[in-house]
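So the chains spell out like this:
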Amino acid sequence: MPENEIPTITVEGLSKSFGGFQALVDIELTVGRGRCLVLCGPSGSGKSTLLRCLNGLEDWDTGEVRFGANPVGHRARDLVALRRKVGMVFQNFNLFPHLTVLDNVALPPRINMRLSRDESETRAASLLATVGLAGHAHKMPASLSGGQQQRVAIARALAMKPEVLLFDEPTSALDPEAIGGVLELMVELAEAGSTMIVVTHEMGFARRVCHDVVFMAEGRIVEKAPPNEFFGSPQTSRARDFVAQIC
Ligand code: ADP
Ligand code: MG
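Residues numbered from 1 in each chain as written. Chains lettered and ligands numbered in written order. Predicted model: local features only at pLDDT ≥ 70, side-chain atom pairs only at ≥ 80, totals over all residues.

Visitor: An account of the packing of helix H5 (residues 146–158) against helix H6 (residues 176–191) is needed here, citing residue identities and associated values.
Guide: Look at H5 against H6: their axes get within 8 Å of each other, and the N-to-C directions meet at 15°. Taken together, the axes of H5 and H6 lie roughly parallel to each other. In terms of crossing hand, the pair formed by H5 and H6 is right-handed. Across the interface between the two elements, Gly146, Gly147, Gln150, Arg151 and Ile154 of H5 pack against Ala178, Gly181, Val182 and Leu185 of H6. A breakdown of the residues in the contact of H5 with H6 according to their chemical character gives four nonpolar, four polar and one charged. (Axes fitted to C-alpha atoms, helices over the stretch in contact; angles between N-to-C directions. Helix = DSSP H or I, 4+ residues; strand = E, 2+ residues; numbered from the N terminus. Parallel < 35°, antiparallel > 145°, perpendicular 65-115°, else oblique. Left-handed = near helix turned anticlockwise from the far one by under 90°. Contact = placed C-beta atoms within 7 Å. Nonpolar A, V, L, I, M, F, W, Y, C, P; charged D, E, K, R; others polar.)

Visitor: So, the site of ligand 1: which residues are in play, and what are the values?
Guide: Phe18, Ala23, Gly41, Ser43, Gly44, Ser45, Gly46, Lys47, Ser48 and Thr49 make up every residue found near ligand 1. Here the shell around ligand 1 gets three residues from one element, more than from any other, and that element is helix H1 (residues 47–54). (Near = placed C-beta within 6 Å.)

Visitor: Would you mind going over the packing of helix H3 (residues 101–112) against H5 in detail, with residue names and values included?
Guide: The geometry of H3 relative to H5 is characterised by a closest axis approach of 8 Å and an angle of 25° between their N-to-C directions. Taken together, the axes of H3 and H5 are roughly parallel relative to one another. The chirality of how H3 crosses H5 is right-handed. Packed against H3, whose contacting residues are Val101, Asn104, Val105 and Pro108, the element H5 presents Val152, Ala155 and Arg156 at the interface. Across the contact of H3 with H5, the residue classes tally to five nonpolar, one polar and one charged.

The structure is reproduced here in structure tokens:
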């Protein structure tokens, strides 16, 4: 990142508890424009909670999140603005089951950006073509395979032209044969210069396109390094154990 460029996302001293349990402890993180960051770590280490804070789905106790130079607040108006900037893809797709594939993708820009029905449907159709689902626009989500549903979810996230894409284990719920197609699409997005944070244990993806790997354990960031360094010579015993498990 050029020295004088403001990062797309800055997280400073972010902490978050659920009751007496501290899920995030003093998180410090920056993501520059066009960077792809892979977030990994054992189950329960706080990865989803961190993404949910960045997306405004979760409030936090102390610390600050900034998009560009602007701190993210928790007033309703700030949240609407935030959700325009952030596209989120979940492990279980979270498509609207009662809407067609086309409407799933067309609805967010229609509601949040006040695009006309025509404009939003044109945009949605073009995105569905991009993710290889042009022929499926008028089907219901349940009639698609898991891999196809996840590609719809990615098209839906892209429909808002977000500044940042967040992926929370996007391939964990997929059959092995569906994983490749979704990862390939994510590789294309990263190579096209999208700013992305991806929670995944897909090492091949991390090695191929991500700039940095962040390893979390027990609510803290334990290591941050380029993928070759992180996977090749993890510095802490926790990260070594983790890498040994997923390799
Ligand atoms: P990860 O995504 O790394 O598996 P999470 O961010 O989902 O981890 O969870 C981190 C910790 O916070 C876990 O111990 C989890 O049980 C706890 N946690 C997450 N969400 C809640 C919640 N809404 N209420 C209470 N505890 C929660
Ligand atoms: Mg999680």
